[in-house]
Every structure is written in C-alpha cells, then in structure tokens.
Amino acid sequence: MTRTTIHLMRHGEVHNPEGILYGRLPGYHLSDLGHKMAERVGTVLSDGDHDIALVGASPLERAQESAAPTARHFSLPVQTFPGLIEAGNEFEGANVNENRTMLAHPRFWWRYRNPFSPSWGESYREQVARMTGVVRSVLHSQARGHEALLVSHQLPIWVTRLFLERRPLAHDPRLRQCALASLTSLTFDEDRLVGLAYWEPAGDLLMDAADMVPGTSGAKVAGTGKSA
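None of these values were measured; they are calculated from a predicted model.

Chemist: Help me understand helix α4 (residues 154-164), please; the structure alone is not making it clear to me.
Modeler: Along an α-helix, residues three or four apart share an orientation, since each turn contains 3.6 residues. Among the eleven residues of α4, nine are classified as buried, and the element is accordingly described as predominantly covered. All buried positions along α4 are accounted for by Q154, L155, P156, I157, W158, V159, T160, R161 and L162. Where the residues of α4 are buried, they touch β1 (3-10), α3 (124-139), β4 (147-152), β5 (183-189), β6 (192-199) and β7 (210-211). Downstream of α4 by one or two residues, R166 has phi in the positive range, about 60°.

Chemist: Just checking my understanding: could you explain the sheet that holds β1 for this structure?
Modeler: What holds strands together in a sheet is hydrogen bonding between their backbones, with the strands either parallel or antiparallel. Strand order in the open sheet formed by six strands is β3-β2-β4-β1-β5-β6, and the pairing between neighbours is mixed. Because the sheet does not close on itself, it has two edges, and the strands there are β3 (78-80) and β6. Between one strand axis and the next, the sheet turns through 25° on average, direction left out of account. In the sheet, β5 pairs with β6 via seven bridges, with the strands oriented antiparallel. In the sheet register, T184 faces β6, and the bridge partner there is Y198. Lying over the sheet, helix α2 (residues 61-73) contacts β1, β2 (52-57), β3 and β4, oriented at roughly 165° with respect to β2. Against the sheet, α4 contacts β1, β4, β5 and β6, and its axis sits at roughly 140° relative to β1.

Chemist: Looking at this model, I keep getting lost on the pairing of β4. Mind explaining?
Modeler: Side chains on a regular strand alternate between the two faces of the sheet. The buried fraction of β4 amounts to six of the six residues, a majority that puts the element mostly inside the structure. Judged by which residues are buried, β4 turns out to be covered on both faces: E147, L149 and V151 on one side and A148, L150 and S152 on the other are all buried. The pairing of β1 with β4 spans six bridges and is classified as parallel. When the sheet's bridge partners are listed, T5 is paired in β4 with E147. Taken together, the five bridges between β2 and β4 define a ladder with parallel strand orientation. Each bridged residue has a counterpart across the sheet, and for I52 the counterpart in β4 is E147.

Chemist: Looking at this model, I keep getting lost on the nonpolar core. Mind explaining?
Modeler: Soluble globular proteins tend to pack their nonpolar side chains together in the buried interior. Ranked by internal contacts, the top residues of the largest apolar core, which has 24 residues, are M9, M37, L45, L149 and V151. Per element, the largest residue contribution to this core is four residues, and it comes from helix α1 (residues 32-47). Other than its neighbours up to four places away in sequence, M37 contacts G12, E13, L180, A181, A202, L205, L206 and A209. Core analysis: the second largest hydrophobic core is formed by 17 residues, V138, A143, C178 and F188 among them.

Chemist: Can you walk me through the side chain of D189 in this structure?
Modeler: Mapped onto the elements of the fold, D189 is located in strand β5. Not counting residues within four places of it along the chain, the set of residues in contact with D189 comprises M1, T2, R3 and V194.

Chemist: Quick question: what am I supposed to make of the packing of α1 against α2 here?
Modeler: Two numbers describe a pair of packed helices, the interaxial angle and the distance between the axes. Taken N-terminus to C-terminus, the directions of α1 and α2 make an angle of 30°; their axes are 8 Å apart at the nearest point. Here α2 runs roughly parallel to α1, going by the angle between their axes. The hand of the α1/α2 crossing is right-handed. Residues H35, A38, E39, V41, G42, T43, L45 and S46 of α1 pack against E65, S66, P69, T70, R72 and H73 of α2. Residues that form the contact of α1 with α2 fall into these classes: four nonpolar, seven polar and three charged.

Chemist: Hey, could you run me through the packing of α3 against α4 in this one?
Modeler: Following both chains from N to C, one finds α3 and α4 inclined at 90°, their axes separated by 9 Å at the closest point. Our classification of the angle between α3 and α4 gives roughly perpendicular. Between α3 and α4, the residues in contact are Y124, Q127, V128, R130, M131 and T132 and L155, P156, I157, V159, T160 and F163, respectively. Considered class by class, the residues forming the contact of α3 with α4 number eight nonpolar, three polar and one charged.

What counts as what
Residues numbered from 1 in each chain as written. Predicted model: local features only at pLDDT ≥ 70, side-chain atom pairs only at ≥ 80, totals over all residues. Heavy atoms only, no water. Buried < 20%, exposed > 50% of the residue type's maximum accessible area, 1.4 Å probe, protein only. Helix = DSSP H or I, 4+ residues; strand = E, 2+ residues; numbered from the N terminus. Contact = heavy atoms within 4.5 Å. Pairing = 2+ DSSP bridges. Axes fitted to C-alpha atoms, helices over the stretch in contact; angles between N-to-C directions. Core = buried A, V, L, I, M, F, W, Y, C linked by side-chain atoms within 4.5 Å. Parallel < 35°, antiparallel > 145°, perpendicular 65-115°, else oblique. Left-handed = near helix turned anticlockwise from the far one by under 90°. Nonpolar A, V, L, I, M, F, W, Y, C, P; charged D, E, K, R; others polar.

Structure representation (structure tokens):
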C-alpha cells in the first residue's frame, strides 16, 4: 500500500494592530512572531525526518510566508493553490478591535439569517469542496508516497476536518481546534483516509500571540485580551 501524509497548516500570526477582519484582503503579512512560528514548523519537519515532497499555499501573503521556511528546508518551491484561500466573508474590512459589539448592530441581522450555511459568507460546503479538491490533486502528485505541506486558513481547515470526521459543518467557532501554525495531518493508504492527527509544533509561542478569531488556543483574541 502507498502511504501519503498531507499536512494542512494554518498560517502564523499576522501583523494586524488595527484589528481588521482581513479575510481575503491583500497586504496582511506575518508578524515577527508569525515568522518565528513558520520557521519553527519548517525546523520541526526537517529535524523530524519528515519526507516533504511538495509545499503549497493559499495565494494570500500570510500563507505564502508561512510556507516559505518549510520549502527552504526541503529545497522545494512554494506552489500556489487558489483552493486553499481564506473563506469569503461579508464582514471583511471591519475594524473589530475598536468595537466588537458592532457586529450585533441591527443593520447586520440579515446576514445572520442562516448560521448553518453560513449566510454571511462562503458556505461551509463550498469551502470543503475546494479544500478536498486540492487534497485529491496533491494526493496524485509528486507527493504520493511521501508527505506534503499545504498552508491554508483556520475556517477552511476546520470545516474540512469536520467533514472528514463525519461531523456537522455548523459549529461554535470557540471550539475550533486549529491554532496558529498548527498542523492537521491526513494520512492515506492509496486514496483511503486512514488517519487524522492534530499537533502544534509552535505551541509554546501561542501565549505571546494575538488571533482574530476564537478557538481552542493559547493565543489571545485580538482586541479582547482573552485567551482564544
């Protein structure tokens, strides 16, 4: 049997002092700590004798920068996969650091009409479809029989995991297990998923990080001072 492991990595911390919900907006790069997180992942994979044969990333800057150290450690290019991009969100560009309660304003209520889809952005099913499409293509690439690192974003990775574990896609964001620079590792025998593991190579750096979205993480939620 041919065994292949595909690691879905969430990007590292982003420099975002204004607390903007940046979504797919260009121009948002890793912070200094985010670069340390990305470098840690590359080092752990290299020192751990992992067999990385392909490195890919979402087209957004923070994902490309997060993939770069691993690509360098394994002398590989960073391939860009549009299907790994962040979820579309109608609140993109909102400054939630100044006032998170703004999201409860009546003018936004129409956007909350169906939280199970969700109605305020790209549907969970659409995210799963594009993410699993990338996984399938990589499974039949030069990574077959080896390992691949694919850098994406929290929500697309989390709903993909929910789908693979046959759990409902609608969920409480505070329960997402997908910290900054974490890896959700999918192991396949031929084309059959036989293992799913979650780990945090940069976990010790999370206490100093700020995250835009809640989840089961040691990072603080940006603008609140509360742990994610």
